[in-house]
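# A closer look at the structure
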Amino acid sequence: MDSTGISFTALFTGHVWYENGMSTRFFTSPRARLLYKAAQPVERASQRLLGVTIHDILLQRHHIIDHRIDWLIKHEGVSQILEIACGYSPRGYKLSRKYPGLKYVEADLPHMAARKRALLQQHGGFGPDHQVVGCDVFDTGKPHGLDYVMNNVLDPSRPTLIITEGLVNYFRLSDISQVWRRLAQLGRTFPKAWYITDLVPKLKQPWAPLINAGTGMLALATRAHVNLHFRGSAQIEQGLRDCGFSKVVVFKPEQFQDILPIPLPRTAAVAGKRANSIVRVVECQIHSD
Ligand SMILES: C[S@@+](CC[C@H](N)C(=O)[O-])C[C@H]1O[C@@H](n2cnc3c(N)ncnc32)[C@H](O)[C@@H]1O
């Protein structure tokens, strides 16, 4: 499956993280700034109509995932992270400095991985046990298959966390479910393993038509099948358990409003009331207790 059309969206996110003090300057660029500026009219319309912006969703998901990573490192002894579809995520750069014993593997399509590797090399950004590898989640075998990376690049003796952020809604449920099944199966190699992802479920009226228009535009721009897979937390939990994960927890941004600096939705013109957050962070346990 050719999903290279999605890669440019990482520029936008990388710039949002930088603007909000969550990343370093070398992960943004004039092109990213331009894309960010070009999106502002749509963002303002979304703010007024829906009470939610892409900017806020990106901050919500990133803060919550960071928070859960810290928790799993401190309380469950995670000492190895594979961040798939890393884009311009600053996590490898930041976490391998914060936790020098951590093995951090970033993975993305080969052209994106090469770009990220070059940026890290150029700016002295690699941590002590930190690398960037080419990986296509739909591929198998050497050198870019998910199975190859998980079996040959990762250390099988370490409690491991696998992350995908900003990836899964670009694929049909039938396609991304295959990836989830393989992650759940390959993750059993490790003494303990977890998988964290963000996703946007299907929304109720009156938001649905506007969100559908937004996903349609994104699908055109990325040449991907932008899909909202599940209707609510119960379906998310069931869908991921069906792929082989042993425990699934769905987090909503509102749960973190007292402990994390995350923006929350405002009043939406379309409904005349405060909107609910639309992104979810899903944490799946792979090993059984
Ligand atoms: C929306 S960006 C998300 C990047 C980063 N995680 C973030 O939150 O900004 C999607 C990323 O997925 C990568 N990607 C697209 N198709 C992929 C595939 N089949 N396997 C691995 N990565 C893929 C793209 O290159 C891009 O970096």
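See the structure printed just above.
Because the structure is a prediction, the values reported are computed rather than measured.

## So, helix α5 (residues 91–98)
Among the residues making up α5, those that are buried are Arg-91, Gly-92, Leu-95 and Ser-96. All buried residues of α5 fall inside an arc of 105 degrees around its axis, so they share one side. Tucked inside the fold, the buried residues of α5 contact α4 (54–76), β1 (80–84), β2 (103–108), β3 (130–134) and β4 (160–164).

## With respect to the packing of α4 against α5
Here α4 crosses α5 at 30 degrees, and the two axes come no closer than 13 Å. By the angle class used here, α4 and α5 are roughly parallel. Of the two possible hands of crossing, α4 and α5 adopt the one that is right-handed. On the side of α4, the interface is formed by His-62, Ile-65, Asp-66, Ile-69 and Asp-70, while α5 contributes Arg-91, Leu-95 and Lys-98. Of the residues contributing to the contact of α4 with α5, the split by class is three nonpolar, one polar and four charged.

## Side note on the nonpolar core
Counting 38 residues, the largest nonpolar core has Leu-82, Met-150, Trp-180, Leu-183, Tyr-195 and Phe-245 as its most contacted members. Broken down by element, the residue count for this core peaks at six residues, all from helix α8 (residues 173–186). The residues contacting Tyr-195, other than those within four sequence positions of it, are Leu-161, Ile-162, Ile-163, Thr-164, Val-168, Trp-180, Leu-183, Phe-245, Val-282, Glu-283, Cys-284 and Ile-286. One finds Ile-69, Leu-95, Tyr-99 and Ile-262 within the second-largest nonpolar core, a separate group that totals 20 residues.

## Considerations on the packing of aromatic side chains
This model, assessed by the stated rule, comprises eight aromatic pairs. For the pair Trp-180 and Phe-230, a centre-to-centre distance of 6.3 Å together with 15 degrees between the ring planes defines the contact as stacked. Within this pair, whereas Trp-180 is found in helix α8, its partner Phe-230 is found in the loop between α9 (208–222) and α10 (233–242), the two being separated by 50 residues in sequence. We note that Trp-180, like Phe-230, is buried. Between Tyr-195 and Phe-245, the aromatic rings sit 5.6 Å apart at their centres with planes inclined by 15 degrees, giving stacked as the arrangement. Here Phe-245 lies in the loop between α10 and β6 (247–251) and Tyr-195 lies in strand β5 (residues 193–199), a separation of 50 residues in the sequence. We note that Tyr-195, like Phe-245, is buried. Taken together, the aromatic side chains of Phe-26, Phe-27 and Tyr-93 make up a single cluster linked through ring pairs. The ring of Phe-27 is capped by Lys-116, whose NZ or CZ atom sits 5.0 Å from the centre of that ring.

What counts and what doesn't
- Residues numbered from 1 in each chain as written.
- Predicted model: local features only at pLDDT ≥ 70, side-chain atom pairs only at ≥ 80, totals over all residues.
- Heavy atoms only, no water.
- Buried < 20%, exposed > 50% of the residue type's maximum accessible area, 1.4 Å probe, protein only.
- Helix = DSSP H or I, 4+ residues; strand = E, 2+ residues; numbered from the N terminus.
- Arc of directions from axis to C-beta.
- Contact = heavy atoms within 4.5 Å.
- Axes fitted to C-alpha atoms, helices over the stretch in contact; angles between N-to-C directions.
- Parallel < 35°, antiparallel > 145°, perpendicular 65-115°, else oblique.
- Left-handed = near helix turned anticlockwise from the far one by under 90°.
- Nonpolar A, V, L, I, M, F, W, Y, C, P; charged D, E, K, R; others polar.
- Core = buried A, V, L, I, M, F, W, Y, C linked by side-chain atoms within 4.5 Å.
- Phe/Tyr/Trp six-rings, centres within 6.5 Å; stacked < 30°, edge-to-face > 60°.
- Lys NZ or Arg CZ within 6 Å of the ring centre and 35° of its normal.

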